[in-house]
Amino acid sequence: MAKRGICMKYRIVLASGSPRRKEILAQIGAAFEVIVSDCDEKTERREPEALVKELSAQKAAAVAEKVSGAAVVIGADTIVAFRGEILGKPKDTEDARRMLAMLAGNVHQVYTGVSLILKEETGESRTITFAECSEVDVEAMTARQIAEYVATGEPADKAGAYAIQGKFAPHIRGIRGDYYNIVGLPVAGIYRRLYEAGIDLKTGEKIFAKGIA
């Protein structure tokens, strides 16, 4: 039982150097720090949901080893899937054009896997892993439109070779599901699961049951 007036807090640690994920957490006012995972990501998974879950778990685990005390470590991995093919970050500009030509005029899926490692002061820990899927409907595009977008350089480090929140916005016909999941971090899903586990994502504070002080 906590002493009256003392608020237990967890460090919120994002195990990713992604600017988009940092922006999303900053947008909700979360007090967090970044420790980039340096793990060698490997998986035999070919099913999108299982793949992103496994890779997010690897990232979170690699960072959790470096963190002591009470902390929440957030690992995430995002991929684009279209008709059975998993599209990660393009290898080069030609690969980016190939991906965009596939997606243009069609609906595809964006999966983000999230692993939350909840570490206690006692050294005990538990992991919550989940995946979100959103659908993106892309307008038909001409070869010139694709080439012009690739020339911006924006596709280089994006799964599926596009950024929905960037210069690709004019080519998005519609979405179904969580927009922030498409950007790279389903923050609503993270917030809800941590709250249910007794932790406020925005402050890192422990949420005690009503009547307990």
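Details of the structure are given in the entry above.
Only a predicted model underlies this, so the values are computations on that prediction, with no experimental measurement involved.

1. What about unusual backbone geometry?
In this structure, Arg-83 takes a positive phi of about 50° despite not being glycine. Structurally, Arg-83 is set in the loop between strand S3 (71-82) and strand S4 (85-87). By relative accessible area, Arg-83 is classed as exposed at 69%. For Ala-161, which is not glycine, the phi dihedral falls at a positive 70°. With respect to the helices, strands and loops of the structure, Ala-161 is situated in the loop between helix H4 (143-151) and strand S7 (172-176). Given a relative accessible area of 0%, Ala-161 falls into the buried group.

2. Structural notes on the nonpolar core
Ranked by size, the top nonpolar core spans 47 residues in total, and within it Ile-74, Leu-116, Tyr-162 and Ile-190 carry the most contacts. Apart from residues no more than four positions distant in its own chain, Ile-190 is found in contact with Ile-74, Val-114, Leu-116, Phe-130, Leu-185 and Leu-201. One finds Val-13, Ile-35, Val-63 and Val-67 within the second-largest nonpolar core, a separate group that totals 10 residues.

3. Some words on the packing of aromatic side chains
Any two aromatic rings considered together are summarised by their centre-to-centre distance and by the angle between their planes. All chains considered together, the criterion is met by four aromatic pairs. Ring-pair connections join several aromatic residues into one group, and the members of that group are Tyr-149, Tyr-162 and Phe-168. For the cation-ring pair, Arg-193 lies above Phe-130, with the distance from its terminal atom to the ring centre recorded as 3.7 Å.

4. Describing the packing of helix H3 (residues 93-103) against H4
Between H3 and H4, whose axes approach to 10 Å, the crossing angle comes to 135°. By the angle between their directions, the pair H3 and H4 is classed as oblique. Of the two elements, H3 crosses H4, and the hand of that crossing is right-handed. Touching Thr-93, Ala-96, Arg-97, Leu-100 and Ala-101 of H3 are Ile-146, Tyr-149 and Val-150, all from H4. Its residues assigned to classes, the contact of H3 with H4 shows six nonpolar, one polar and one charged.

5. Concerning H4
Within H4, the full set of buried residues consists of Ile-146, Tyr-149 and Val-150. What you see down the axis of H4 is that its buried residues fit within an arc of 100°, all on one side. Within H4, the exposed residues directed more than 90 degrees away from the buried face are Arg-144 and Ala-151. At its buried positions, H4 is contacted by H3. Looking one or two residues beyond H4, the residue adopting positive phi is Gly-153, at roughly 85°.

What counts and what doesn't
- Residues numbered from 1 in each chain as written.
- Predicted model: local features only at pLDDT ≥ 70, side-chain atom pairs only at ≥ 80, totals over all residues.
- Heavy atoms only, no water.
- Helix = DSSP H or I, 4+ residues; strand = E, 2+ residues; numbered from the N terminus.
- Buried < 20%, exposed > 50% of the residue type's maximum accessible area, 1.4 Å probe, protein only.
- Core = buried A, V, L, I, M, F, W, Y, C linked by side-chain atoms within 4.5 Å.
- Contact = heavy atoms within 4.5 Å.
- Phe/Tyr/Trp six-rings, centres within 6.5 Å; stacked < 30°, edge-to-face > 60°.
- Lys NZ or Arg CZ within 6 Å of the ring centre and 35° of its normal.
- Axes fitted to C-alpha atoms, helices over the stretch in contact; angles between N-to-C directions.
- Parallel < 35°, antiparallel > 145°, perpendicular 65-115°, else oblique.
- Left-handed = near helix turned anticlockwise from the far one by under 90°.
- Nonpolar A, V, L, I, M, F, W, Y, C, P; charged D, E, K, R; others polar.
- Arc of directions from axis to C-beta.

Without other data, these values stay purely geometric and don't point to any function.
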